[in-house]
Structures are given as structure tokens and as C-alpha cells.
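# Structure at a glance
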Amino acid sequence: METECSCPISVVALEGCLEYLAYKRKVVNVLHLSNDQQVCPICNSEKETLIHLMTSCSIPSLVWSNSRWHIDSHDLARHGVSGWAKVVLNPLLFGLCKEDWQEFQLLALVTFDQTWRYRNELIHGAMRKPESELVCQIQQLHTRHCQAWRLPAYLHVRLDLNWLPPSSNWIKVNFDTAMGQNLTSSAAIARSSSGGILFASVYSGPRVDPTVGEAMALRIGVQSCLNLDLQEIQFEGDSLIVINAVSQPDLVCQWKIENVIEDISLNLNEIRSWTISKVSRHQNAWADTFAKWAAARRLSGSIPSPFISEFQCWLDSGHDPPDHYLGLDWCGF
């Protein structure tokens, strides 16, 4: 079977990790250490193993669930160390198309490298960091590596570079979801033909399946349009399952989103003109950034109107909005 690894893998470093954990197991057996002394120093919930640090620990779990593939870390862990190494070398084994291989490999390597680094920092007494901060650092480092390898999808820096404005007198609503450790944030942002934000709404609630989160994000966008009496709307997202469920009602809808889709369809009947289409994750970057920012801070509601312009400037810059937004009187949603 064909294998291809376009990015350098530090085999020496990986072997060093394996040797350390093997040595630790011997120490555990000789000294009869308690379970508390064998636990992962990052999540403090599971026994420390290499496959745990690679996939199912809290940090890599958040990275993979928030990746554009929305991967469940348990699907990765079940391969074991050797199986996971084969998947990284040949992502076709995981069902990925060849165009995604290099991006996937880079994310796997950057995630493990940064998780192992943070694990060693904690072992040597470093202060704990917020998980959202570490995940953001990994995502940013991954982006820089993808840009260094000149992957076409990562050559643009500004979030809105690929965003296309709607037709005159129409509104464009982008929707997306982000997964936190124990919650899901579903967000929608509406912009006019001039690019100005009309609303930015998000709901953060108990963790659900990513597809359900995408459907909930669309429902938020539709409801917000009705609240503002917006009547010519172009909806855009990057979930083909949700978009097909709305645009092709004759198709069999996935049962887990059936009720949400039914709500969306009823509300869309009250909008005079609307379209819905799938776009790339980069064209949907505003909604994605907003959802991740809200998930890290467990926010729900809508950005108050007086602050929307300021909020837009932060999104335009490609950086997360500052935390002083947490103190605003968010409109209930």
C-alpha cells in the first residue's frame, strides 16, 4: 500500500518518549506506585500512556474535535501506537483524500510535539495554562507550518480574504460550530453587502455531536434574521450534511438533526427569499473564529449593537477579540 509523509517526523524524539514511558512502567512495578502517581499530568483523569498523550488526552482531544474533520479522539486511540503511526504515515487508512494528507500529518505532529512539551513542563513544576490557550497555540503553530509548506489553503492570512459579499440588498449569514471540553458553541454572523456585521449570535450548551452543533448554528442564524425582520438572506456554512438536509427536503435526514432541521424549515417559511450553500472553511472563517472564541469563554447571546463595529475590527485583524467583551451586557438568546 502506498505511504507518503510530506513532512519530517522526529523518529528519535518518538523513540525517546517510548523509552521514557517504558522506564516509568518498570519504576511503577518496582516501587508499587499508586494509581494517582501513574495518572497523566495534563488531564489528571487517565493513566499516562503514549497513545493517550497522542490522541485522547484533553489537549489533543480538543484539537482533533475542533479540526475541520471533527475527529473523535476515541477513534484515534483505538488504533494503538503502531496503528496511529501507520495512519499518520498513510492518512488514506483513515479515509482522508490525498489533498488533505499533508495538513493532517502536520496537525498530528504539531499536536503531539506541543502536548509532550507541555507535559514535561508540568512535570518540572510549571504553572498550568488554560486548555483553550494551548489549543489555540497548537492551531496557530499548525497554520504557520502549513504556510511554510505552502499548502494552498493556508496561503491567505486575513480571515475575510475569501469571503464574498452578498448581492445588493441581501444579507449573508455564515454559521459554524466549535467543540469545547464539555460544551458545544454554535454561532452565526450576518453581514451586509458592504461587509458590515448586522448581528453576531452564539449559543454555548452541553456538548453534542458536531453535526447537531452545525444544525443548531444554522437555526440561530435563521431565528436572528426573523428577530431583525431580515428578508433576503444567503446562508453559508461548511457542513454539507446540514445544507443538504435543508436544501433537499426529499432526502432522508439524519435522525440526530431531524428535529432541528424541522425547526429551521418552519422558520425559513417566514423569510421571503433565501438561499443556502456550502463554502470552504476559509470562506467561513469568521463564524468559525467567533464560535471558538465563545466556546473558550462559555458565552451565549448576541454582541450588543454598540460594540459590533469594534468586534468586527478584531475579526478583520485575524485575532481573537479581547476578553473585555465578557463584561458586556450580552443580549439574551
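Note: the structure precedes this text.
What comes next is a walk through the structure. Sequence positions are assigned chain by chain, starting from 1 and proceeding in written order. Reporting in this predicted model follows two pLDDT cut-offs: at least 70 for local features of residues, and 80 or more for side-chain atom pairs to be given and counted; totals over whole chains, interfaces and linings ignore these cut-offs and use all residues. Side-chain metrics in this entry use all non-hydrogen atoms of the structure; hydrogen atoms and water are not considered.

## A word on the pattern of salt bridges
- Salt bridges are defined by distance alone: a side-chain nitrogen of Lys or Arg within 4 Å of a carboxyl oxygen of Asp or Glu. Considering all chains together, one arrives at seven salt bridges under this definition.
- The partner of Glu236 in a salt bridge is Lys172, and the shortest N-O contact between them spans 2.8 Å. Remark: Lys172 occurs in strand S1 (residues 171-179) and Glu236 occurs in strand S4 (residues 232-237); sequence separation between them is 64 residues.
- Think of it in three bands: residues with accessible area under 20% of the maximum for their type are buried, residues over 50% are exposed, and the middle band is partly exposed, with areas taken using a 1.4 Å probe on protein chains only. You can call Glu236 buried: its relative accessible area is 9%.
- Since its relative accessible area comes to 3%, Lys172 is described here as buried.
- When the shortest N-O distance is used, the salt bridge between Asp263 and Arg219 registers 2.9 Å. Remark: Arg219 occurs in helix H8 (residues 210-227) and Asp263 occurs in helix H10 (residues 258-268); sequence separation between them is 44 residues.
- Asp263 sits in the partly exposed class, given a relative accessible area of 31%. Only DSSP runs of H or I with at least four residues qualify as helices, and only runs of E with at least two residues qualify as strands; both kinds are numbered from the N terminus onward.

## Observations concerning the side chain of Ser185
- With respect to the helices and strands, Ser185 occurs in strand S2 (residues 183-191).
- It only takes one pair of heavy atoms within 4.5 Å for two residues to be counted as in contact. For Ser185, the contacting residues outside a window of four places in its chain are Asp176, Thr177, Ala178, Val202, Tyr203, Ser204, Ala291, Ala294 and Ala295.

## Describing the sheet that holds strand S6 (residues 301-302)
- The strand order across the open sheet built from six strands is S5-S4-S1-S2-S3-S6, with neighbouring strands paired in mixed fashion. A strand with exactly one partner marks an edge of an open sheet, and here the two such strands are strand S5 (273-278) and S6.
- Here S4 runs beside S5; their pairing, made up of six bridges, is parallel. By the bridge assignment for S5, Glu232 is matched with Ser273.
- Helix axes are fitted only over the stretch in contact, all axes being lines through C-alpha atoms; the angle between N-to-C directions runs from 0 to 180 degrees. Lying over the sheet, H8 contacts S1, S2, strand S3 (197-206), S4 and S5, oriented at roughly 145° with respect to S1. When DSSP finds at least two bridges between two strands, those strands are taken to pair.

## As for helix H3 (residues 58-65)
- In terms of residue burial, H3 counts as a mostly covered element, since eight of its eight residues are buried.
- Considered for burial, the residues of H3 that qualify are Ser58, Ile59, Pro60, Ser61, Leu62, Val63, Trp64 and Ser65.

## Things to note about the nonpolar core
- To define a nonpolar core, start from buried Ala, Val, Leu, Ile, Met, Phe, Trp, Tyr and Cys residues and group those joined through side-chain atoms within 4.5 Å. In terms of nonpolar packing, the biggest core is built from 32 residues, with Cys40, Ile42, Trp64, Trp69, Ile71, Trp84 and Phe104 touching the most fellow members.
- Elements that contribute at least two residues to this core include exactly helix H2 (50-56), H3, helix H5 (80-89), helix H6 (101-123) and helix H7 (131-148).
- Per element, the largest residue contribution to this core is nine residues, and it comes from H6.
- Sequence-distant contacts of Ile42, that is, excluding residues within four places in its chain, are made with Leu53, Cys57, Ser58, Ile59, Thr115, Tyr118, Arg119, Leu122 and Arg128.
- Residues Val173, Val242, Ala245 and Leu268 belong to the second largest nonpolar core, which totals 28 residues.

## Remarks on the packing of aromatic side chains
- For Phe, Tyr and Trp, where Trp contributes only its six-membered ring, two rings pair if their centres lie within 6.5 Å, and the inter-plane angle classes them as stacked under 30 degrees, edge-to-face over 60, or tilted in between. Inspection of every chain in the model, using the stated rule, returns six aromatic pairs.
- Ring plane angle 45° and centroid distance 5.2 Å describe the contact between Trp64 and Phe104, whose orientation is recorded as tilted. Of this pair, Trp64 sits in helix H3 while Phe104 is found in helix H6, placing the two residues 40 residues apart along the sequence.
- For Phe104, a relative accessible area of 0% gives the class buried.
- Plain terms: the ring middles of Trp84 and Phe104 are 5.9 Å apart, the flat faces sit at 80° to each other, and that makes the pair edge-to-face. Here Trp84, found in helix H5, pairs with Phe104, found in helix H6; they are 20 residues apart in sequence, far enough to count as distant.

## Some thoughts on the pairing of S4
- The element S4 is extensively covered by neighbouring structure, given that five of its six residues are classed as buried.
- Relative to S4, S1 is paired through four bridges, and the arrangement is parallel. Its bridge partner lying in S4, Ile171 is registered against Ile233.

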